[in-house]
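# A look at the structure
Below are the chains, spelled out letter by letter.
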Amino acid sequence: MQNDISEEEIGILNTNNWTEGVNIIIKYWNRTYGGITISSSEDDRILELTTGGWFENEEFINKISNTMFWFLWWQESKRGGYYKFRYTEKIKY
């Protein structure tokens, strides 16, 4: 299977290292069927993933949903395999 993420990579996803976490996700995400968008502004960085219904992407979401990356930065999920993560350096009230 393409997305056999290593224990070392899971360990990185269990830290607060946004950049390395995103790099791991990019490495395993199948963009042929799904989508990945990264955007940033002065205060925020946004990662948007769409699974495209592709089994490997769905399986990968299941693997990362139990990590600190998910806990810290998950913002939104929508029906149809859409996931949004947001990293911010400033707290907005």
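Our structure is the block above this text.
Residues numbered from 1 in each chain as written. Predicted model: local features only at pLDDT ≥ 70, side-chain atom pairs only at ≥ 80, totals over all residues. Heavy atoms only, no water.

## Digging into the packing of aromatic side chains
This is how it is decided: Pairing of aromatic side chains here covers Phe, Tyr and the six-membered ring of Trp, requires ring centres within 6.5 Å, and sorts the geometry by plane angle: under 30 degrees stacked, over 60 edge-to-face, intermediate tilted. Secondary structure elements are defined from DSSP: runs of H or I of at least 4 residues count as helices, runs of E of at least 2 residues count as strands, and each element is numbered from the N terminus. For every residue, the accessible area obtained with a 1.4 Å probe (protein chains only) is divided by the maximum for its type, and the residue is called buried under 20%, exposed over 50%, and partly exposed between those limits. By definition here, charges over rings are those cases where NZ of Lys or CZ of Arg is within 6 Å of the ring centre and within 35 degrees of the ring normal.
Across all of its chains, the model carries 12 aromatic pairs by this definition. Between W18 and F69, the ring centres sit 5.4 Å apart and the planes meet at 15°, which makes this aromatic pair stacked. In this pair, W18 sits in helix α2 (residues 18–28) while F69 sits in helix α4 (residues 68–73), placing the two residues 51 residues apart along the sequence. F69 carries the same exposure label as W18, and that label is buried. Each residue in the set W18, F69, W70, W73, W74, Y83, F85 and Y87 is aromatic and connected to the rest through ring pairs, giving one cluster. A cation over an aromatic ring shows up here: K78 above the ring of Y82, its NZ or CZ 5.2 Å from the ring centre.

## A short note on the sheet that holds strand β3 (residues 74–78)
Stated precisely, the cut-off is as follows: Should DSSP find at least two bridges between two strands, the strands are regarded as paired. Under this scheme, a helix contributes an axis fitted over its contacting stretch, all axes are lines through C-alpha atoms, and angles between N-to-C directions fall in the 0 to 180 degree range.
Spatial ordering of the open sheet is given by β1-β2-β4-β3, a layout of 4 strands whose pairing is antiparallel. Lying at the two open borders of the sheet, with one neighbouring strand each, are β1 (35–40) and β3. Strand-to-strand twist across the sheet, computed as the mean angle between neighbouring axes with direction ignored, equals 10°. Bridge analysis of β3 against strand β4 (residues 82–88) gives 4 bridges, and the strand direction is antiparallel. Paired with E76 across the strands is K84, a residue of β4.

## Focus on the pairing of β4
Of the strand pairs in this sheet, strand β2 (residues 44–50) and β4 are connected by 7 bridges, and their pairing is antiparallel. Across the sheet, D44 pairs through a bridge with T88, a residue of β4. Two successive antiparallel strands, β3 and β4, enclose a turn made up of 3 residues, where G80 displays a positive phi of approximately 100°.

## Remarks on helix α3 (residues 55–64)
Within an α-helix, residues lying three or four positions from one another point in the same direction, as the helix has 3.6 residues per turn. The condition that has to hold: This arc is built from the directions going out from the helix axis to the C-beta atoms. Whether two residues touch is decided by their heavy atoms; if any such pair falls within 4.5 Å, the residues are in contact.
Buried within α3 are the following residues: E56, N57, F60, I61 and I64. All buried residues of α3 lie within an arc of 140° about the axis, which places them on one face of the element. Facing away from the buried side of α3, by more than 90 degrees, are the exposed residues F55 and N62. Of the surrounding secondary structure, the elements contacted by the buried residues of α3 are α1 (7–13), α2, β2, α4 and β4.

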